[in-house]
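Take a look at the letters that make up each chain.
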Amino acid sequence: MSPVKSLRALLHDADLAKAAGAHNPLTAQLVEQAGFDVVWASGLEIAASLGVPDANILSMNECLAVARAMVEKVSVPVLADCDSGFGGIGNVVHMVRSYEAAGVQGVCIEDKTFPKLNSFVAGNQALVPIEDFAGKIAAAVATRVSEDFVIIARIEAFISGYGLDEALRRAEAYELAGADALLIHSKRTTPDEIYSFCAAYDGQLPIVVVPTTYNSVTMEELRAGGASLAIYANQGLRGAITSIRQIFGSILAEGTAAPVENQLAPLGDVFGYQDVAALLSAEDRFESIGQGVAKQILNGAREERRNADVVER
């Protein structure tokens, strides 16, 4: 197998890098196993998996715990969705220190107000002033220990109803503030806004896109249009919901689980993702060592008794 590329290298690769959303270590492993280059620690997916809105209901530490657990189970880079930075500049500083220390290779923060609301929900999608968000980006860049840790600035101008000019103004400011890449977001069903931004942007940063609503676009088209990384941010979660609904509904309708068995992953697969074989191997190894130590102690005690008998005689 070829060495896994870092997130920074992937953003500057000639080919389009591909990321997929995950909400726990198991789904992160599935992302890697499928062949994606990057695991996107999705704010939407993590919130949904815990049954709360994607609206900064969860604390930074709750989201960080999931991202850290993902890092421990995959070899590809983990890129964390960190909403609007969990607060002000001080929160961003703490966030960067924490996520970098956890082994995450990059964070993405968006220029909406805190608390944020998921971009596809009708509601408050207000942007913060450019200078405020540029300050967050500058703080994030100044805080990181390694330049390999990637800071992505997510531009929500199209989501908030602004046009191309506002998106470009923000792109220029965030690049000057030190961002490593720009994520341009859109909720249209076609990639027209994305293409218009890519064509008009004259800066030097890689562009990240999230083809959720404009899902008919191909990876080849996105790369040709100027994107460096495409994030399939929530398809895994949505697919799992559909599949689980069908499985549970069928079990109740049929009165038995037998008809759905051929649609299920074998328990052996589940044990594989849990590293059960490694657990059993470790238990065998260290139980054997423990038995050897106990035997040595027992033999030593016997020898001591023999020596004591000799002395008494």
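Everything in this summary refers to the structure shown in the same document. Note that the coordinates shown come from a computational prediction; the quantities given were computed from them, not determined experimentally.

### Comments concerning the environment of arginine 169
Move 1: On the secondary structure map, arginine 169 appears in helix α7 (residues 164-176).
Move 2: As for arginine 169 and aspartate 275, which are separated by 106 residues in sequence, their C-alpha atoms are 49 Å apart.

### Considering the pattern of salt bridges
Move 1: Inspection of every chain in the model, using the stated rule, returns 15 salt bridges.
Move 2: Residues aspartate 54 and lysine 116 are paired through a salt bridge, measuring 3.9 Å at the closest nitrogen-oxygen approach. Of the two residues, aspartate 54 sits in the loop between α3 (43-49) and α4 (60-71) while lysine 116 sits in the loop between β4 (106-110) and α6 (130-143), which places them 62 residues apart along the sequence.
Move 3: With a closest N to O distance of 2.7 Å, arginine 169 and glutamate 166 form a salt bridge. With arginine 169 and glutamate 166 both in helix α7, this residue pair falls three residues apart, about one helical turn.
Move 4: Given a relative accessible area of 49%, arginine 169 falls into the partly exposed group.
Move 5: The buried category is assigned to glutamate 166, whose relative accessible area is 13%.
Move 6: Here the residues in one salt-bridge network are Asp54, Asp83, Glu110, Lys112, Lys116, Arg154 and Glu156, joined through shared partners.

### Focus on helix α5 (residues 89-101)
Move 1: Taking 1.5 Å per residue, 13 residues should reach 18 Å; α5 reaches 18 Å between its end C-alpha atoms and fits that length.
Move 2: For α5, every residue scored as buried is listed here: Val92, Val93, Met95, Val96, Ser98, Tyr99 and Glu100.
Move 3: Buried residues along α5 sit in contact with α4, β3 (78-81), β4, α6 and β5 (150-155).
Move 4: Once α5 finishes, glycine 103 follows within two positions and takes phi at roughly 95°, a positive value.

### Considerations on the side chain of serine 228
Move 1: Its place among the elements puts serine 228 in the loop between α9 (219-225) and β8 (229-232).
Move 2: Exposure remark for serine 228: the relative accessible area of 7% places this residue in the buried category.
Move 3: In this structure serine 228 touches Leu10, Leu11, Asp15, Leu16, Ala17, Pro206, Ile207 and Arg223, once residues within four positions along its chain are discounted.

### Thoughts on helix α10 (residues 235-254)
Move 1: Between its first and last C-alpha atoms α10 spans 28 Å; for 20 residues at 1.5 Å apiece the expected length is 28 Å, and the two agree.
Move 2: Note on α10: the residue one or two positions beyond its end, glycine 255, has a positive phi of about 75°.

### Some thoughts on the pairing of strand β6 (residues 181-184)
Move 1: Along β6, one buried face is formed by Ala181 and Leu183 and the opposite face, lined by Leu182 and Ile184, is buried too.
Move 2: Relative to β6, β5 runs parallel, the two sharing four bridges. In the sheet register, alanine 153 faces β6, and the bridge partner there is leucine 182.
Move 3: At this point the chain moves from β5, through α7, to the parallel β6, and the crossover so formed is right-handed.
Move 4: Here β6 pairs with strand β7 (residues 207-209) via two bridges, running parallel. Note on β7: the bridge partner recorded for leucine 183 is valine 208.

### Some details on the packing of α4 against α5
Move 1: Here α4 crosses α5 at 20°, and the two axes come no closer than 10 Å. Considering the angle they form, α4 stands roughly parallel to α5. As α4 packs across α5, the resulting crossing turns out to be right-handed. Across the interface between the two elements, Met60, Cys63, Leu64 and Ala67 of α4 pack against His94, Met95, Ser98 and Tyr99 of α5.
Move 2: Considering only residue class, the contact of α4 with α5 consists of six nonpolar, two polar and no charged.

Rules and cut-offs
- Residues numbered from 1 in each chain as written.
- Predicted model: local features only at pLDDT ≥ 70, side-chain atom pairs only at ≥ 80, totals over all residues.
- Heavy atoms only, no water.
- Helix = DSSP H or I, 4+ residues; strand = E, 2+ residues; numbered from the N terminus.
- Salt bridge = Lys/Arg side-chain N within 4 Å of Asp/Glu carboxyl O.
- Buried < 20%, exposed > 50% of the residue type's maximum accessible area, 1.4 Å probe, protein only.
- Expected span 1.5 Å × (residues − 1).
- Contact = heavy atoms within 4.5 Å.
- Pairing = 2+ DSSP bridges.
- Right-handed = clockwise from strand over helix to strand, strands pointing away.
- Axes fitted to C-alpha atoms, helices over the stretch in contact; angles between N-to-C directions.
- Parallel < 35°, antiparallel > 145°, perpendicular 65-115°, else oblique.
- Left-handed = near helix turned anticlockwise from the far one by under 90°.
- Nonpolar A, V, L, I, M, F, W, Y, C, P; charged D, E, K, R; others polar.

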